[in-house]
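Survey of secondary and tertiary structure
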Amino acid sequence: MPNSPNTIIAAREVSVGFEQGERRFTALDAVSAEFYAGEITLLMGASGSGKTTLLSLLGCLRSPDSGSIEWQGKSLSRAREPELMQLRRRQIGFVFQSFRLFPALNALENVMMPAQIDTELPATRADAEELLCAVGLEGKGSLYPRQMSAGQRQRVAVARALLKKPAAILADEPTASLDTASGEQVAELLKAAAKARGCAAIVATHDPRLLPLADRILFMRDGKIIARDEV
Ligand SMILES: Nc1ncnc2c1ncn2[C@@H]1O[C@H](COP(=O)(O)OP(=O)(O)O)[C@@H](O)[C@H]1O
Ligand SMILES: [Mg+2]
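Residues numbered from 1 in each chain as written. Chains lettered and ligands numbered in written order. Predicted model: local features only at pLDDT ≥ 70, side-chain atom pairs only at ≥ 80, totals over all residues.

Now for the overall build of the protein chain. Helix and strand content of the protein chain: 6 helices and 10 strands. The C-alpha atoms of the protein chain give 17 Å as radius of gyration, which agrees with the globular expectation for 231 residues (17 Å, within 12%). The principal-axis extents of the C-alpha atoms in the protein chain amount to approximately 50 × 50 × 40 Å. Taken across its 231 residues, the protein chain has 39% of its residues classed as buried. (Helix = DSSP H or I, 4+ residues; strand = E, 2+ residues; numbered from the N terminus. Rg over C-alpha atoms; globule rule 2.2 N^0.38 Å. Buried ≥ 20, exposed ≤ 12 C-beta atoms within 10 Å, placed from the backbone.)

Right, here's the structure in full:
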């Protein structure tokens, strides 16, 4: 019997609506999906299709209006904020389109930031240096974000996300601010994180150049998954 993939996060019929003036707008409509350790899943879809909203649920940044999110087999429906915060801090690496580095901190200090916030995180300066090497920034730890290219900054952000050895890495349009070559590098790093570190990498994008990297692709439109591809 084949091994069933190891589910890190599952979305079960999750819906999210927003009040827009008089009417209620459905941003996510009963979406179900599972995300597996060691795999990179792309959320593809036009702007407004619900990718960021789905990531915000998977990343415990908000709760669904209905349906549930399960993290490693446990429903979060009844989880309270301290537990969700712990999940975000310990288990989830976030990568954003705009990098979100601290401008006053150098690259190494930015990578170390999760350990500053969560002093019980078992991560050392040596770990941060090793991660900078892993993302191709050996010897660049003392550079400040303003001294780095966009691609280098995003690689710092990936290293920072990996410092906590997350179970999942969630990336929202991580290549949208990058040129083709650095976009490819960042995408390869996310894939390597899934393969070498066993993370579930979940990447929202409308960049078709990322398609060849994916293990699974969920195509979204109007708050629904309209097609699924297993590569
Ligand atoms: N905070 C919000 N308030 C109102 N509408 C929102 C909010 N966040 C998202 N939406 C709406 O939900 C839909 C899905 O948004 P989003 O998840 O950001 O899509 P995507 O990331 O695919 O571009 C969009 O139409 C957007 O306008
Ligand atoms: Mg978005």
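For the rest of this paragraph, the subject is unusual backbone geometry. In the Ramachandran plot, Ala30 falls in the positive-phi region, its phi being about 50° despite a non-glycine side chain. Tracing the chain through its elements places Ala30 in strand β2 (residues 23–36). Classification of Ala30 by C-beta neighbours within 10 Å gives partly exposed; the count is 16. Notably, Lys165 is not glycine yet its phi reads approximately 50°, a positive angle. Residue placement: Lys165 occurs in the loop between α5 (150–163) and β7 (168–172). The partly exposed category is assigned to Lys165, around which 15 C-beta atoms lie within 10 Å.

Right, let's get into the sheet that holds β7. What the 6 strands build is an open sheet, ordered β6-β7-β8-β3-β9-β10; its pairing is mixed. Edge positions in the sheet fall to β6 (92–96) and β10 (224–230), since each has one partner strand and no second. Neighbour-to-neighbour, the strand axes of this sheet turn through a mean angle of 15°, independent of strand direction. Looking at chain direction, β7 and strand β8 (residues 200–205) are connected through 5 bridges and run parallel. Bridge pairing in β8 places Asp172 opposite Ala204. Lying on the sheet, helix α1 (residues 51–58) is in contact with β3 (40–44), β7, β8 and β9 (216–221); it crosses β8 at an angle near 155°. Relative to the sheet, α5 contacts β6 and β7, its axis offset from that of β6 by approximately 165°. (Pairing = 2+ DSSP bridges. Axes fitted to C-alpha atoms, helices over the stretch in contact; angles between N-to-C directions. Contact = placed C-beta atoms within 7 Å.)

Once that is clear, we can look at the environment of Leu170. Structurally, Leu170 is set in strand β7. C-alpha separation for the pair Leu170 and Gly21, spaced 149 residues apart in sequence, amounts to 31 Å. Residue contacts for Leu170: discarding those within four places in its chain leaves Leu55, Leu58, Gly59, Ile92, Phe94 and Ile202.

Another point: the site of ligand 1. Looking at ligand 1, the residues that line it are Phe18, Gln20, Phe25, Ala27, Gly45, Ser47, Gly48, Ser49, Gly50, Lys51, Thr52 and Thr53. The element contributing the most residues to the shell around ligand 1 is α1, with 3 residues. Split into classes, the residues belonging to the shell around ligand 1 amount to 3 nonpolar, 8 polar and 1 charged. (Near = placed C-beta within 6 Å. Nonpolar A, V, L, I, M, F, W, Y, C, P; charged D, E, K, R; others polar.)

Let us look at the nonpolar core. Val158, Ala168, Ile169, Leu190, Ala200, Ala201 and Val203 are the most contacted members of the largest nonpolar core, which totals 62 residues. When residues of this core are assigned to their parent elements, the largest contribution, 7 residues, is made by α5. (Core = buried A, V, L, I, M, F, W, Y, C linked by C-beta atoms within 7 Å.)

Let's shift gears to the packing of helix α3 (residues 107–117) against α5. As a packed pair, α3 and α5 sit with axes 8 Å apart at the nearest point and diverge in direction by 30°. Relative to α5, α3 is oriented roughly parallel. The element α3 and its partner α5 pack so that their crossing is right-handed. Facing α3, whose interface residues are Ala107, Asn110, Val111, Met113, Pro114 and Ala115, α5 presents Val156, Ala159, Arg160 and Leu163. Of the residues assigned to the contact of α3 with α5, the class counts are 8 nonpolar, 1 polar and 1 charged. (Parallel < 35°, antiparallel > 145°, perpendicular 65-115°, else oblique. Left-handed = near helix turned anticlockwise from the far one by under 90°.)

If you walk across this open sheet you meet the 4 strands as β2-β1-β4-β5, and the pairing is antiparallel. Every other strand in the sheet has two partners, leaving β2 and β5 (74–75) as the edge strands with one partner each. Pairing of strand β4 (residues 66–71) with β5, which is carried by 2 bridges, proceeds in the antiparallel orientation. Of the residues in β5, the one forming a bridge with Trp71 is Lys74.

Honestly, that's just the spatial picture; any functional story needs more than this.
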